[in-house]
Amino acid sequence: MDNAIQTILKDFNAHRRLSNTLTRLSKLIEQQTLYAFSGDVDDIRRNYGLMLDFMRRGYTDERRNDLYDEMIGKTYRLIQNIQVELKKKDNPSYHDAAYRLASSRIDFDPDAIRQRLEDHVADMAMLSLEAPESREEHRRQLLQAHDAYMGRLFDHILLSNQWNDADASLYRMLLTSPAIDTVDAQWIVGAIMLACVNVFDLKKLEVLAAVYVADVAESVRQLALVGWALSLDGNQTLMVEGQKRTVDMIVEHDKGVEQLKEMQIQLMTSVNALYDDECIKRDIMPTLLKQGNMDLAQLSKDITQSSDLHDILHPEDSENMMSEVETVMNRMKEMAAKGRDIYYGGFCQAKRYSFFSKLSHWFEPFFWDNPSVDSGSAEPEDAREVIKSMLSALPFCDNDKYSFVILFSKMMTQLPANLRKAMIENKGGVMPMAAEDMTSASFIRRNYLHDLFRFHQLYAMKNNFVDCFRMRQRPDVVNVFVADDRLFGDTDSYKEMCYDALRFMDSMDTRKDEHYRTTVLTLLAAVPMPLRLSDRLFVAHYLWQHGDKATAATMYDVMVAEYPDNEYVLRGAAHSRLDRKDYLAALSCYDRLAGIHEDNVNYLLNRSLCLVMSGRVEEAMPTLHKLYYNNPDNMDVVRVMLWGMMNQGNSEQAVAEYEKLCAKCPDNADDRLNYGYSLWLSGRVAEAVEVFRAYLAMAGRRDKGTSRSIYSSFEADINLLQSQGIDETAMHLMADAVDVRPE
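Here, residues in each chain are numbered from 1, in the same order as that chain's written sequence. Residues qualify for local features only when their pLDDT is at least 70, as the model is predicted, and side-chain atom pairs are given and counted only at 80 or more; totals for whole chains, interfaces and linings, by contrast, use all residues. The side-chain figures draw on all heavy atoms in the structure; neither hydrogens nor water molecules are used.

**Looking at the overall build of the protein chain**
Here comes step 1: Secondary structure assignment for the protein chain yields 37 helices and zero strands.
Here comes step 2: Evaluated residue by residue, the protein chain yields a buried proportion of 47% over its 743 residues.
Here comes step 3: Counting only contacts in the protein chain whose residues sit at least 6 apart along the sequence, the fraction spanning at least 24 positions is 68%.
Here comes step 4: Of the roughly 36,100 Å² of accessible surface on the protein chain, a fraction of 50% belongs to carbon and sulfur atoms. Each helix is a run of H or I in the DSSP string that is no shorter than four residues. Each strand is a run of E no shorter than two, and both are numbered from the N terminus. Three labels apply to residues, based on accessible area from a 1.4 Å probe with only protein chains included: buried if under 20% of the type maximum, exposed if over 50%, partly exposed otherwise in between. Any two residues having at least one pair of non-hydrogen atoms within 4.5 Å are treated as being in contact. Here the open area of atoms and residues is found with the Shrake-Rupley method and a 1.4 Å probe, where only the protein chains shown may cover a residue.

**Concerning the pattern of salt bridges**
Here comes step 1: Here a salt bridge means any side-chain nitrogen of Lys or Arg lying within 4 Å of a carboxyl oxygen belonging to Asp or Glu. Taken as a whole and judged by the stated rule, the model has 36 salt bridges.
Here comes step 2: When the shortest N-O distance is used, the salt bridge between Asp43 and Arg46 registers 2.3 Å. Residue Asp43 and its partner Arg46 are both found in helix H3 (residues 38-56); the two are separated by three residues, about one turn of the helix.
Here comes step 3: Residue Asp43 is classed as partly exposed on the basis of its relative accessible area of 37%.
Here comes step 4: Its salt-bridge partner being Lys88, residue Glu85 comes within 3.5 Å of it at the nearest N-O pair. Of the two residues, Glu85 and Lys88 both sit in helix H4 (residues 64-90), three residues apart, roughly one turn of that helix.
Here comes step 5: We classify Glu85 as partly exposed; its relative accessible area is 26%.
Here comes step 6: Each of Asp341, Lys351, Asp400 and Arg454 takes part in one network of salt bridges that share partners.

**Considerations on the packing of aromatic side chains**
Here comes step 1: Classification of ring pairs rests on two measures: the distance between centres of Phe, Tyr or Trp rings, Trp counted by its six-membered ring, which must be within 6.5 Å, and the angle between planes, read as stacked under 30 degrees, edge-to-face over 60 and tilted in between. Per the stated rule, a full pass over the model turns up 31 aromatic pairs.
Here comes step 2: Residues Phe355 and Tyr402 carry aromatic rings whose centres are separated by 4.7 Å and whose planes lie at 40° to one another, so their mutual orientation is tilted. Linking Phe355 in the loop between helix H17 (315-337) and helix H18 (380-393) with Tyr402 in helix H19 (residues 398-414), this pair joins segments that are 47 residues apart in sequence.
Here comes step 3: Using a relative accessible area of 3% as the deciding quantity, one classes Phe355 as buried.
Here comes step 4: For the pair Phe366 and Trp368, a centre-to-centre distance of 5.2 Å together with 75° between the ring planes defines the contact as edge-to-face.
Here comes step 5: Note on Phe366: relative accessible area 17%, which makes it buried.

**Observations concerning the packing of helix H29 (residues 601-613) against helix H31 (residues 635-648)**
Here comes step 1: Their axes nearest at 10 Å, the elements H29 and H31 cross at an angle of 20°. On the basis of the axis angle, H29 is roughly parallel to H31. As for the relative orientation of H29 and H31, their crossing is left-handed in sense. Across the interface between the two elements, Val601, Leu605, Leu609, Val612 and Met613 from H29 touch Asp636, Val637, Val640, Trp643, Gly644 and Asn647 from H31.
Here comes step 2: Amino acids are sorted into nonpolar (Ala, Val, Leu, Ile, Met, Phe, Trp, Tyr, Cys and Pro), charged (Asp, Glu, Lys and Arg) and polar (every other residue, Gly among them). Residue classes in the contact of H29 with H31 are distributed as eight nonpolar, two polar and one charged. For helices, the axis comes from a line fit to the C-alpha atoms of the stretch in contact; other axes are also lines fit to C-alpha atoms, and the angle between any two N-to-C directions lies between 0 and 180 degrees. Our angle categories are set so that under 35 degrees counts as roughly parallel, over 145 as roughly antiparallel, 65 to 115 as roughly perpendicular, and the remainder as oblique. Each crossing is labelled by how the near helix is turned from the far one, with a counterclockwise turn of less than a right angle marking it left-handed and a clockwise turn marking it right-handed.

**Overview of the side chain of Asn674**
Here comes step 1: Counting through the fold element by element, Asn674 comes out in helix H33 (residues 669-681).
Here comes step 2: Excluding its chain neighbours within four sequence positions, the residues that come into contact with Asn674 are Trp643, Met646 and Tyr658.

**Some points on helix H34 (residues 685-702)**
Here comes step 1: Take the number of residues in a helix, subtract one, and multiply by 1.5 Å to get its expected span. The end-to-end C-alpha separation of H34 is 25 Å, in line with the 26 Å expected for 18 residues at 1.5 Å each.
Here comes step 2: Within the span of H34, buried status applies to Ala688, Val689, Val691, Phe692, Arg693, Tyr695, Leu696, Met698, Ala699 and Gly700.
Here comes step 3: Contacts from the buried residues of H34 go to H33, helix H35 (710-716) and helix H37 (728-739).
Here comes step 4: Backbone geometry just downstream of H34 places Lys704 in the positive-phi region, at approximately 55°.

**What about the nonpolar core?**
The tendency in soluble globular proteins is for nonpolar side chains to be buried side by side.
Here comes step 1: In this structure, Tyr171, Trp228, Phe363 and Phe714 are the most contacted members of the largest nonpolar core, which totals 206 residues.
Here comes step 2: In terms of residues, this core owes the most to one element, helix H9 (residues 182-198), which gives eleven residues.
Here comes step 3: Excluding residues that lie within four positions of it along the chain, Tyr171 makes contacts with Ile113, Leu153, His156, Ile157, Trp163, Ile188, Ile192 and Val207. Here, nonpolar core means buried Ala, Val, Leu, Ile, Met, Phe, Trp, Tyr and Cys residues that are tied together by side-chain atoms lying within 4.5 Å of each other.

**Digging into the environment of Val539**
Here comes step 1: Its location among the elements puts Val539 in helix H25 (residues 533-545).
Here comes step 2: C-alpha of Val539 to C-alpha of Tyr499: the two residues are 40 residues apart in sequence and 8.4 Å apart in space.

**Some details on the environment of Lys401**
Here comes step 1: Residue placement: Lys401 occurs in helix H19.
Here comes step 2: Among the residues examined, Lys401 registers a relative accessible area of 17% and is labelled buried.
Here comes step 3: As for Lys401 and Pro365, which are separated by 36 residues in sequence, their C-alpha atoms are 9.6 Å apart.
Here comes step 4: Other than its neighbours up to four places away in sequence, Lys401 contacts Phe366, Leu391 and Phe396.

**Concerning the environment of Ser440**
Here comes step 1: Inspection of the secondary structure puts Ser440 in the loop between helix H20 (417-425) and helix H21 (441-458).
Here comes step 2: For the pair Ser440 and Gln222, spaced 218 residues apart in sequence, the C-alpha to C-alpha distance is 9.7 Å.
Here comes step 3: For this analysis, a polar contact is any N or O atom pair within 3.5 Å, provided that within protein one partner can donate a hydrogen and the other can accept it, and provided that sequence-adjacent residues contribute only side-chain to side-chain pairs. Polar side-chain contacts of Ser440 include one of 3.2 Å to the backbone nitrogen of Phe443.

**Observations concerning unusual backbone geometry**
Negative phi characterises most residues that are not glycine, and trans characterises most peptide bonds.
Here comes step 1: In the Ramachandran plot, Arg105 falls in the positive-phi region, its phi being about 55° despite a non-glycine side chain.
Here comes step 2: When you line up the elements, Arg105 lands in the loop between helix H5 (92-104) and helix H6 (110-126).
Here comes step 3: Located in the positive-phi region is Asp369, a residue other than glycine, with phi close to 70°.
Here comes step 4: Of note, Asp369 is situated in the loop between H17 and H18.

**Structural notes on the side chain of Arg152**
Here comes step 1: Its place among the elements puts Arg152 in helix H7 (residues 132-158).
Here comes step 2: Sequence-distant contacts of Arg152, defined by excluding residues within four places in its chain, comprise Arg100, Leu101, Ser104, Ile106 and Phe108.

**Description of the packing of helix H2 (residues 18-32) against H4**
Here comes step 1: Packing of H2 against H4 leaves a shortest axis separation of 11 Å and a crossing angle of 25°. Of the possible angle classes, the one that applies to H2 and H4 is roughly parallel. Crossing geometry of H2 relative to H4 is assigned as left-handed. Contacts from Leu18, Thr21, Leu22, Leu25, Leu28, Ile29 and Gln32 of H2 reach H4 at Tyr68, Met71, Ile72, Thr75, Leu78, Ile79, Ile82, Leu86 and Lys89.
Here comes step 2: Of the residues in the contact of H2 with H4, the class split is twelve nonpolar, three polar and one charged.

Structure representation (structure tokens):
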């Protein structure tokens, strides 16, 4: 039934048809027995009926448009409230959250929420005044009670209807108040984001934007920025103006645009985690596992005499292993420095622990003594110090920190006493991986994205939620843009954001498969044409690489008219014109390029090719002979020079050179074709026939069995053949001679 309400919402966003929408809502309410909403529908319909009656009577109402917009807003919020109610019925995660709330009987009155959060901070502070023998037990009880409360508050926010001004004011006040714990504030931000991504609510979005621009803890601000960006939805056209206001708040902030740009890059590295995990398992883990076995033997001090003897006889083995480990560790550090998610695969299985069976725990910031984490450690104090030391060296996201605490604590209880003692003495023996400030805005933002990616990939009931890493209307396409021109407008800063992200995506180490190309081409189509020349060059190059050569060629032609002396523009335009065999136009570009770099072999060679193909062979040959003299091993120079020689009529001389070329490059089918031309033009017809047959066989293997006719090759090179006296009749006769083999 979620599809039915989504269809109503989509049509309402597109057409703003009030009467039709109210009729459809009434039917849905009747079908789903959601009679609690009937009164809201009746109120809006009654007011709309009065407006309609006034119009029929010929009255002019200056507030008509405002009143209609007001009813549109009420209807939109009603649709979203019905959507939440339907999720409670049909969506298992929402249904479970509703059951937990109903069972808790907690008062979520605004004053009660504020008081509960503030009291927790005060109660924790007062613990220091208690007697040591009762303090820890009381602390544990307080944390357990608060953890349970925050879990229900998370459910309350997730299931909340569209917020009004009072609701928004409450949460804006809570999240910017110094009187509540920043851990609680971050947890609440996660709940607001999850609620807004799944059922869009402008007021929730406004709260996230307001928190980002407020003077609060950086951890809260950056989570709010991520939540705001991933909650934006340009498809909610009825709420576009409101969303634009939040965009203005963000981009007008001191570092808003800069941090949005950073976030787009971080978003792309986050969704690349699966590919990074494959690389690590394939290229890095085998070496680390091998070294791990050696370290374990040393740590246990259980090395045999044969091992000692092996070390004496083959000391280079240990040195080689250390060198390999250093290489792969440096690669890991390099990946981490680029923001790549190097820990995703390592903790996937750990997400099966009971801690992660609860929805709210996926959004819970890491803090020591979390009562929901069962360490199972026989020596909690010692294990705690080791864990602290290791976590300070490893830049885990909060999800992975909880996984690590659970895994390591359980491992400590299972280790032999001597190994456990060695681990404690060495503080885990972990090589530091973090090269940046773990309190920086960039680090906080990236790790929160890693937390969210794990939720959408690994949570057992992930399919009950909208994946914020996928496009809303195209769930098959990865969402790497936080920007949307429907919300950001056609501004220079927006275009820069888009193309900075696309340029990074083009250069990043990832699987460049069909899915990747679909994603990028979809995004290219979704954003306006850039203004910066570097961005325009990038787009043209990308389109050319991925098959849209016509659009790319048009872009190059426009750019070369605007920037006639820019080398990058000239190079792109020349290449595109050469590809479509517009030799005179390409020649004009290569003339300028050769003027910029007089000794550039490629520019001079392509200029000569354009001259030859344009019939100006005599102008080209002096340059070609010079290039050949200076670059005798450059086969491309040889090929163009020989083509020029045939166009000059020096086919007999070309035959000998083609024989040498085919000997050096025996697998090049095109060389064999041109060798056949030289024989034919020299009158050695029988030999030419055999060479053409060899060419067809080679071309078939090259093109994986695709059949071709020799005549199609003749047609492609008709200018050469006709200039040397080969007419259409001769071409047909030669084609038949090649096709018909003697008995």
